[in-house]
Amino acid sequence: MNILVCIARAVETTAKISFTDNDTRFDDTGVQYIMNPYDEWYSLVRALELKEKEGGEVHVVCVGDSSSEQVIRKALAIGADKAFRIDLEPKTADETAFQLAEFAKSGNYDIIFTGKETVDYNSGLVPPMLSALLDWPFVGIVSDLEYENGEATLSREIEGGVEIVKASLPLVLSATKDLAEQRIPNMRGIMMAKRKPLEVVEAKETAPKVNFVGFSKPEKDTEITYVDPENMDELVRLLSEEAKVI
Amino acid sequence: MSILVFCENIEGTFKKNTLEAITYGRKLAEQTQSPLAAVVNGSPDVEVLKTYGIGKAYLLEGSNTGDSASLAKGIAGVCSKVDASTVILTYNSTGKSIAGQLGILCGAGVVNSVNALPSSLEPFQVSQSVFAGKAEAVVEVPGEKKVLGLQSNSIKIEEAPVDTIDTEIVTSDGGSRVEVIRQDKISGGVPLPEAELVVSGGRGFKGPENWNILEDLAGVLGAATACSRPVSDSDWRPHHEHVGQTGITIRPNLYIAIGISGAIQHLGGVNNSKTIVVINKDPEAPFFKAADYGVVGDLFDVVPRLTEAVKKYKGA
Ligand SMILES: Cc1cc2nc3c(=O)[nH]c(=O)nc-3n(C[C@H](O)[C@H](O)[C@H](O)COP(=O)(O)OP(=O)(O)OC[C@H]3O[C@@H](n4cnc5c(N)ncnc54)[C@H](O)[C@@H]3O)c2cc1C
Ligand SMILES: Nc1ncnc2c1ncn2[C@@H]1O[C@H](COP(=O)(O)O)[C@@H](O)[C@H]1O
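About the criteria used
- Residues numbered from 1 in each chain as written.
- Chains lettered and ligands numbered in written order.
- Predicted model: local features only at pLDDT ≥ 70, side-chain atom pairs only at ≥ 80, totals over all residues.
- Heavy atoms only, no water.
- Pairing = 2+ DSSP bridges.
- Helix = DSSP H or I, 4+ residues; strand = E, 2+ residues; numbered from the N terminus.
- Contact = heavy atoms within 4.5 Å.
- Axes fitted to C-alpha atoms, helices over the stretch in contact; angles between N-to-C directions.
- Domains from an automatic or database assignment.
- Buried area = accessible area lost by both parts, 1.4 Å probe.
- Salt bridge = Lys/Arg side-chain N within 4 Å of Asp/Glu carboxyl O.
- Near = heavy atom within 4 Å.
- Polar contact = N/O pair within 3.5 Å; in protein donor to acceptor, adjacent residues only side chain to side chain.
- Areas by Shrake-Rupley, 256 points an atom, 1.4 Å probe, with all protein chains shown as cover.
- Nonpolar A, V, L, I, M, F, W, Y, C, P; charged D, E, K, R; others polar.
- 1 Å grid on protein atoms, 1.4 Å probe; cavity = no way out; pocket = protein on both sides within 12 Å on 5 of 7 lines; lining within 4 Å.
- Points joined across faces, edges and corners; volume = space filled by probe spheres on them.
- Sits in = over half its atoms within 2 Å of the grid points.
- Parallel < 35°, antiparallel > 145°, perpendicular 65-115°, else oblique.
- Left-handed = near helix turned anticlockwise from the far one by under 90°.
- Buried < 20%, exposed > 50% of the residue type's maximum accessible area, 1.4 Å probe, protein only.

**With respect to the sheet that holds strand β16 (residues 275–280) of chain B**
- Sheet architecture is open: 6 strands sit in the order β15(A)-β17(B)-β16(B)-β15(B)-β13(B)-β14(B), paired in parallel fashion. If you trace the sheet from one side to the other, it starts and ends with β15 (225–226) of chain A together with β14 (224–227) of chain B, each paired once.
- The sheet contact formed by strand β13 (residues 197–201) of chain B and strand β15 (residues 254–258) of chain B spans 5 bridges and is parallel. Following the sheet pairing, Gly201(B) is matched in β15(B) by Ile258(B).
- Strands β15 of chain A together with β15, β16 and β17 (293–296) of chain B of the sheet are contacted by helix α6 (residues 232–242) of chain A, whose axis makes an angle of about 170° with β17(B).
- Of the strands in this sheet, β15, β16 and β17 of chain B touch helix α7 (residues 299–315) of chain B, which is tilted by about 135° from β16(B).

**A closer look at the domain arrangement of chain B**
All names here are of chain B.
- Per the domain assignment, the segments of chain B are domain 1 (2–171) and domain 2 (192–315).
- Each partner contributes residues to the interface: domain 1 has 12 residues there, and domain 2 has 12 residues.
- Both faces combined, the contact of domain 1 with domain 2 buries some 1,100 Å², and carbon together with sulfur accounts for 40% of it.
- The largest per-residue losses of area from domain 1 upon contact with domain 2 belong to Ala132, Lys134 and Asn153, which jointly make up 44% of the total buried on that side.
- At the surface where domain 1 touches domain 2, the tally comes to 1 salt bridge.

**Re the site of ligand 1**
- Near ligand 1, the surroundings consist of 28 residues, among which Ser228(B), Ser261(B), Gln265(B), His266(B) and Asn280(B) are the closest.
- Ligand 1 sits at a junction of chains, with neighbouring residues supplied by chains A and B.
- At 2.8 Å, a side-chain N or O of Asn280(B) approaches an oxygen atom of ligand 1.
- Measuring from a nitrogen atom of ligand 1, one finds a side-chain N or O atom of Asp298(B) at 3.0 Å.
- Protein chains shield 81% of the accessible area of ligand 1, which is 980 Å² for the free molecule.
- Looking at the shell around ligand 1 residue by residue, the class counts come to 7 nonpolar, 15 polar and 6 charged.

**Things to note about the layout of surface pockets**
- What the largest pocket holds in volume is close to 1,200 Å³.
- As for the largest pocket, its lining consists of 49 residues, of which Pro90(A), Lys91(A), Thr92(A), Thr96(A) and Tyr121(A) are closest to the centre.
- Those elements that provide at least two residues to the lining of the largest pocket are β2 (9–11), β4 (25–26), β6 (57–63), α3 (93–105), β8 (111–115), α4 (126–134) and β14 (211–216) of chain A together with β7 (109–114) of chain B.
- Residues of the lining of the largest pocket, tallied by class, amount to 24 nonpolar, 14 polar and 11 charged.

**Brief notes about the site of ligand 2**
Residues and elements named next belong to chain A.
- For ligand 2, the set of nearby residues contains 20 residues, the closest of which are Cys6, Asp39, Val63, Gly124 and Val126.
- With respect to ligand 2, the side chain of Asp39 contributes an N or O atom lying 2.5 Å from an oxygen atom.
- In the complex, 95% of the free accessible area of ligand 2, which totals 480 Å², lies under the protein chains.
- Given that more than half its atoms are within 2 Å of the pocket grid, ligand 2 belongs to the largest pocket.
- Going through the elements one at a time, β6, α3, β8 and α4 are the ones with two or more residues in the shell around ligand 2.
- The leading source of residues in the shell around ligand 2 is β6, at 3 residues.
- When grouped by side-chain class, the residues that make up the shell around ligand 2 number 11 nonpolar, 7 polar and 2 charged.

**A few points about the environment of Ser43(A)**
Residues and elements named next belong to chain A.
- The residue Ser43 is located in helix α1 (residues 37–54) in this model.
- Counting along the chain gives 139 residues from Ser43 to Gln182, while the straight-line C-alpha distance between them is 9.5 Å.
- Leaving out residues up to four positions away in the same chain, Ser43 has contacts with Val5, Tyr38, Phe113, Thr114 and Ala175.

**Considering the packing of helix α2 (residues 69–78) of chain A against helix α5 (residues 187–195) of chain A**
All names here are of chain A.
- The contact between α2 and α5 brings their axes to 7 Å, and the two run at 120°. In terms of orientation, α2 lies oblique with respect to α5. α2 and α5 meet at a crossing whose hand is right-handed. Note on element contacts: α5 touches α2 through Gly189, Ile190, Ala193 and Lys194, opposite Arg73, Leu76 and Ala77.

**Here's the deal with the packing of helix α4 (residues 211–221) of chain B against α7(B)**
Residue and element names in this part refer to chain B.
- For the pair α4 and α7, interaxial distance at closest approach is 9 Å and the crossing angle is 20°. Looking at the two axes, α4 sits roughly parallel to α7. α7 is crossed by α4, and the crossing has left-handed handedness. Taken together, the residues of α7 that come into contact with α4 (itself represented by Ile213, Asp216, Leu217, Val220 and Leu221) are Phe300, Val303, Pro304, Leu306, Thr307, Val310, Lys311 and Lys314.
- A breakdown of the residues in the contact of α4 with α7 according to their chemical character gives 9 nonpolar, 1 polar and 3 charged.

**Considerations on the side chain of Asn36(A)**
Residue and element names in this part refer to chain A.
- Tracing the chain through its elements places Asn36 in the loop between β5 (33–35) and α1.
- Of the residues examined, Asn36 reaches a relative accessible area of 2% and is grouped as buried.
- Here the side chain of Asn36 touches Val119 through a polar contact of 3.0 Å, landing on its backbone nitrogen.
- Setting aside chain neighbours within four positions, we find Asn36 in contact with Ala8, Ala10, Glu117, Thr118 and Val119.

Spelled out as structure tokens, the structure:
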């Protein structure tokens, strides 16, 4: 089984969010980047488990400039066999999906694993766009995957529950919590990762269909009113008369 | 060029977030003086759509609802039929899977988690939540075609009745590379993503055996229940209730956070709620900084008291 895992670099979740250049650009001074948790904890690990059972190789691919090599090395340390970096600083989901699709076409992959969304821009658009560009079936927000006799059985999130589906390969899926248990890279993995291949691939020409023109932080007046814990009637009164929410 | 709204229906009913998407589409149609149409899967009673201003509905036949690619292809077919400039979808698990595919099929620019009407029509600019609700981005779509995924509770549903609704069946070759085996629905309760009132609990509850305290309050309020991540990680509560950066993002009218410290990753998922009440025994808990109303006290005393107070208020 040949598996491709798409990994994104994301802003660390406790980072202070601020913008620069007249609020047109995220200010990443002093900000730490991590591997997107959905990719690291669930998607990559489930891909590795599948390979351990079925044989084959797990490749990881990341659209990013050289600053994303740190997260790529981590993926190799966790156990991926080979890595590719498409040399482009990603700006929009359509651009990223296009690069990934062009790359995937050049390989012979049976399953492409992605994460449900990146924890910074939260678009969740790359996985379905990728599937449409390849014309492969897509199963989104997957929390369980079984593979038997060339057919995948998956649990995917739906409104108010989960749906169990069967899908044929090749397939694009996006991972969410419960798909696998996080693996921490060990010393041996980290050493081996240094010798594993990391190939840089040239990006292809494309014109993004959207652009981010500015950012803002929602203003919220957080003037707090404390209510006596003995007097919950007062809280109910405030919620109904002042906040008008009940 | 028309405005098309994908009207998802679940077992024949149009949920709140679909009605929000219709209201959004109708307002956009008015602003741009474009015709408005709906595209509908399954076989619901489309007559109800008249109430919200839909006079034309395309009924998808042959698309396999469990296969997002099949649905996206069906919708894309209607898009070219009505020469749609903009398609509105709900930003829920169905819409999230379709929006990106639809964008590729129609050659449209896609904006997800849209939280307001466009701030400008020429050029087309609309705002979207990013960084798990901690910030907003203004996204410009320069091309003619757009797909927008609308976040719940971003617009107030409005009625705008029309007299008749004209329906047309559109058959699409569904294909079915994904086949539904079964659905496991969580029965009862208010679905969290679209709830207007939410009661949420954290590690302060000590264990799942104490959740009835929270459920009693949610019950009298008619609220949905939610939790912090450690709570779902410890299997005290199901994963789909976990809100925050790695869970779901919600923006209800009222969010009551009980025994939750207010870590930045948690706040990210809830800080766009209209009103936030925090109940915590630690006056230094960071959540108080984001709260509108605060109660410093032991949840095991305060919450039952609050439940009684709500009962009294509702009974009055
Ligand atoms: C990458 C990453 C992503 C994350 N994503 C999320 C996410 O999406 N959502 C999320 O929630 N967390 C997330 N977290 C975890 C987050 O950092 C916090 O650890 C978590 O939110 C804390 O949960 P808690 O408030 O329930 O527990 P605690 O921090 O243990 O807080 C419990 C609170 O209960 C109060 N308390 C205790 N007893 C009582 C009592 N009897 N009465 C009243 N109050 C009481 C305490 O004072 C305390 O404030 C993430 C972390 C990381 C690193
Ligand atoms: N720059 C990237 N390189 C590789 N994969 C990516 C990149 N951006 C997004 N992805 C994949 O798409 C998923 C969802 O990201 P997004 O659509 O940006 O929210 C991620 O979890 C990754 O699997």
